[in-house]
Amino acid sequence: MNVAIVGTGYVGLSTGVCLAEIGHHVTCIDHDEKKIKLLQKGTSPIFEPGLEELLQKHILSKQLHFTSSIQEGMKGSEFIILSVGTPSKKDGRVQLSELEKAAEQVGAHIEKGMIVLIKSTVPVGTCERIKQIIRNHSKNEAEFHIISNPEFLREGSAIQDTFSADRIIIGYENRDAAERVKELYRPFHAPYVLTNIRSAELIKYAANAFLATKISFINMIANLCEQVGADISEVATGVGMDARIGSDFFRAGIGYGGSCFPKDVQALIHTAEDENIDFSLLKETVAINERQQQILLKKAENVLGDLQGKKIALLGLSFKPNTDDLRQAPSIAISRSLQERGAIITAYDPVIKKWDSASNGNVQLKNSVTDALQNADGVFLVTEWDEFRRLPWPALLETMKRPAVFDGRNCFPTEQVEACKKIEYYPIGRKPIIKSNGESS
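In the annotation of an unreviewed UniProt entry, the entry for the protein chain reads UDP-glucose 6-dehydrogenase, and the organism field reads Fervidibacillus albus. A UniProt comment under Sequence similarities (unreviewed entry) is attached to the protein chain, and it reads "Belongs to the UDP-glucose/GDP-mannose dehydrogenase family." UniProt lists a comment for the protein chain under the heading Function (unreviewed entry), and it reads "Catalyzes the conversion of UDP-glucose into UDP-glucuronate, one of the precursors of teichuronic acid."

Explain the UniProt feature "active site" (unreviewed entry) in the protein chain here, please?
Residues annotated in UniProt with the feature "active site" (unreviewed entry) correspond here to Cys-260. Inspection of the secondary structure puts Cys-260 in the loop between helix H10 (232-240) and helix H11 (261-274).

What should I look at first to understand the packing of helix H9 (residues 197-228) against H10 in this one?
Each pair of packed helices gets described by two things: the angle between the helix axes and the distance between those axes. Two elements in contact, H9 and H10, have axes separated by 9 Å at closest approach and are oriented at 135°. As far as their axial angle goes, H10 and H9 are oblique. Considering the relative orientation of H9 and H10, their crossing is right-handed. Between H9 and H10, the residues in contact are Ile-218, Ile-221, Ala-222 and Cys-225 and Ile-232, Val-235 and Ala-236, respectively.

Sorry, what's going on with the nonpolar core here?
One finds Val-6, Ile-80, Leu-82, Val-106, Ile-110 and Val-116 to be the most contacted residues of the largest nonpolar core, which totals 39 residues. There are two domains that each give this core at least three residues, and those are domain 1 (2-195) and domain 2 (204-291). Filtering out sequence-adjacent residues up to four positions away, Val-116 remains in contact with Ile-80, Leu-82, Val-106, Ile-110, Ile-134, Phe-144, His-145, Ile-146 and Ile-147. Of all hydrophobic cores here, the second largest spans 35 residues; its members include Ala-222, Cys-225, Ile-312 and Phe-380.

About the cut-offs
Residues numbered from 1 in each chain as written. Predicted model: local features only at pLDDT ≥ 70, side-chain atom pairs only at ≥ 80, totals over all residues. Heavy atoms only, no water. UniProt positions renumbered as here; feature names shortened; annotations may be inferred. Helix = DSSP H or I, 4+ residues; strand = E, 2+ residues; numbered from the N terminus. Axes fitted to C-alpha atoms, helices over the stretch in contact; angles between N-to-C directions. Parallel < 35°, antiparallel > 145°, perpendicular 65-115°, else oblique. Left-handed = near helix turned anticlockwise from the far one by under 90°. Contact = heavy atoms within 4.5 Å. Core = buried A, V, L, I, M, F, W, Y, C linked by side-chain atoms within 4.5 Å. Buried < 20%, exposed > 50% of the residue type's maximum accessible area, 1.4 Å probe, protein only. Domains from an automatic or database assignment.

Structure representation (structure tokens):
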């Protein structure tokens, strides 16, 4: 089948290479000509495991093409997938201008029988609005079909999630069009959920809002554990074994970030408000998350005192491992707060090589963990990259002015920390471990 994808961000590009892998002919379209030239050379503008390999493979196989011309990209395509960004406005509502602009361009070149899939995350009712925009800009009044097809890809595992999807949501008006979409995705062997369009739009928001709430819940339990002497790792394991609850998204830490959860929770709150529903549960989810992002700072002030002039090293800047995405990353809130308190901030991240100090806090990026930790008064573990778990921590702690480790992701089991002769270890929801020359205190 011939597929055109408008937008080459995480979703559009990941979807494109995966559709090419299962045999479809895919043309990805983006108005950013610099990005298109990069992609045509087989270079991915984003860090996503496995993506660049598939990108290069299917450029060579001629299954995958890139263009900045929407007319060229749509020509001969049966499916048009819209996956442009829908960021938040300052008030938390969804910015739809890019999607609307894409719809106008699609409308100018729409042909009879084309199926338009909206994969961008959008508020309820948007698909109907986009359909009308396309129709208004159609020169030949071609009959087409609209499908709501939300994605559930996790950054850092988008390729794996595409090939091992839990479900494929198809919100439709025309059943024949829905059946064609099922055929498009058939090689993925995922279960289908066929709904009306508005239900499909709401499924995406409801799923992400629930997961965000689950994270805030376990973080509150972690804070309670610290007060009553319980261990959040043991509590989460015991609770998560309940099949009705599950263990996914049930790890305590410094809160959620990224391009989805913060944006989607706020969007759902506003959708509810527009319908005169006070979604207080989600408002508290947001408030808990904002407080949780400051928890390492509070621990550091309790241990180190005034942070003015203290050197604090951050390990990990991206909002999660295996991505270079800084959108709504906890590292930004932490850096800003440290800067406000006069701390000297160094940082290392395996893939983040650029940092906007003017907006995100004055951080000195280092090329290695060793450089970041040199003479530091404390280290914040912000992102749980696997390489941090494998580091020679006893030797690294010797390079610090004070071996104070504030673990925002509970990366290390107790036995690994106990192996260090000298360490001050402050996890989330677990008892601190303080050792001086091999002695526990």
